[in-house]
Amino acid sequence: MSPIFNGPKLSVQRLVSIAMLIALTLVISKFSIPVIPQQLVISFAFIGNTMIGMIAGPIWAFISLALVDVVDNLASGSGNFIIWWTLMEAVQGLLYGFFFYRKPLSTTNKKDWVYVSIATTIIMLFGTFIFTPLLIQIYFHVPFWAQYAAGRWFKVFEIPLRIMITMLLVPALQRIPEIKKLNQA
């Protein structure tokens, strides 16, 4: 198995931390800002996703974000459970874990800013700009081009916001002794 996918051992402390981050992500996702109703929503759930990736690694983040999607769907009671969205969220968890697990970040290092910019762009490109519109087209018959004409392209402006928030939060969180210990184990 590749060293990239050698995840951390699932200790009780790590399991509890992941469970708390899953709960935090579920709560944060409820406080989203609709820019264009039913089309374009800004959510800060990426903060929890990044923290899960940072602590859990790629494999456990994959499982955790799949669980977040399933629980969120069950809690909303919408009845619109589509496995492909869950798989997309899980793959995003894999990406968060790949980019942020055991990656020390510093707000003063320009390379870290570039790294977070690239990671954020790749994660958003995968989920926000390619697969979400594709799934909306497949399941709700809204053409790909119509979604972008209606404002999906505005999500580009979310990229710098995510980079700033990530670079303000993650280096500060990485200085917490318990999180340091989880990242070294």
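What you see is a predicted model; the values in this text were computed from it and never measured.

Trainee: Quick question: what am I supposed to make of the UniProt feature "transmembrane region" (unreviewed entry) in the chain here?
Mentor: Annotation from UniProt places "transmembrane region" (unreviewed entry) at residues 12-33, 40-62, 82-101, 113-140 and 152-173. Counting secondary structure, residues 82-101 comes out at 90% helix and 0% strand; the distance between its end C-alpha atoms is 28 Å. As annotated, residues 113-140 has a helix share of 100% and a strand share of 0%, and its two end C-alpha atoms lie 37 Å apart.

Trainee: Any chance you could explain the packing of helix α3 (residues 83-100) against helix α4 (residues 110-140) here in plain terms?
Mentor: Any two packed helices are characterised by how steeply their axes cross, that is the angle between the axes, and by the distance between the axes. Running from amino to carboxyl end, α3 crosses α4 at an angle of 175 degrees, the nearest separation of the two axes being 11 Å. With respect to α4, the axis of α3 lies roughly antiparallel. Of the residues contributing to the contact of α3 with α4, the split by class is 20 nonpolar, 3 polar and no charged.

Trainee: Which parts of the structure should I look at to understand the nonpolar core?
Mentor: A general feature of soluble globular proteins is that nonpolar side chains tend to end up buried together. Counting residues in hydrophobic clusters, the biggest one holds 38 residues, and the most contacted among them are I52, M54 and F100. Those elements that place two or more of their residues in this core are α1 (12-29), α2 (45-76), α3, α4, α6 (158-174) and α7 (177-184). It is α2 that contributes the most residues to this core, 10 residues altogether. Among residues more than four places away in sequence, those in contact with F100 are T50, G53, M54, L105, V116, A119, I123 and T166.

Trainee: It is not clear to me how empty space enclosed by the protein should be interpreted in this structure. Could you clarify?
Mentor: To locate leftover empty space, one rolls a probe as large as a water molecule over the atoms. Evaluated as defined, the whole model comprises 2 cavities of 30 Å³ or more. F46, T50, Y96, F100, T120, I123, R162 and T166 together form the lining of the largest cavity. Of all the elements in the fold, those that place two or more residues in the lining of the largest cavity are α2, α3, α4 and α6. Among the residues forming the lining of the largest cavity, the class breakdown is 4 nonpolar, 3 polar and 1 charged. Estimates place the volume of the second largest cavity at around 40 Å³. In this structure, the second largest cavity is lined by F46, I47, T50, M51, I165, T166, L169, V170 and L173.

Trainee: Just checking my understanding: could you explain the packing of aromatic side chains for this structure?
Mentor: For any pair of aromatic rings, the description rests on two quantities: the centre-to-centre distance and the angle between the ring planes. Scanning the entire structure with this criterion turns up 11 aromatic pairs. For the pair F98 and F99, a centre-to-centre distance of 5.3 Å together with 75 degrees between the ring planes defines the contact as edge-to-face. Given the relative accessible area of 39%, F98 is considered partly exposed. Classification of F99 by relative accessible area gives buried; the value is 10%. Aromatic ring contacts, followed pair by pair, group W85, Y139 and F140 into a single cluster.

Quick notes on the rules
Residues numbered from 1 in each chain as written. Predicted model: local features only at pLDDT ≥ 70, side-chain atom pairs only at ≥ 80, totals over all residues. Heavy atoms only, no water. UniProt positions renumbered as here; feature names shortened; annotations may be inferred. Helix = DSSP H or I, 4+ residues; strand = E, 2+ residues; numbered from the N terminus. Axes fitted to C-alpha atoms, helices over the stretch in contact; angles between N-to-C directions. Parallel < 35°, antiparallel > 145°, perpendicular 65-115°, else oblique. Nonpolar A, V, L, I, M, F, W, Y, C, P; charged D, E, K, R; others polar. Core = buried A, V, L, I, M, F, W, Y, C linked by side-chain atoms within 4.5 Å. Buried < 20%, exposed > 50% of the residue type's maximum accessible area, 1.4 Å probe, protein only. Contact = heavy atoms within 4.5 Å. 1 Å grid on protein atoms, 1.4 Å probe; cavity = no way out; pocket = protein on both sides within 12 Å on 5 of 7 lines; lining within 4 Å. Points joined across faces, edges and corners; volume = space filled by probe spheres on them. Phe/Tyr/Trp six-rings, centres within 6.5 Å; stacked < 30°, edge-to-face > 60°.

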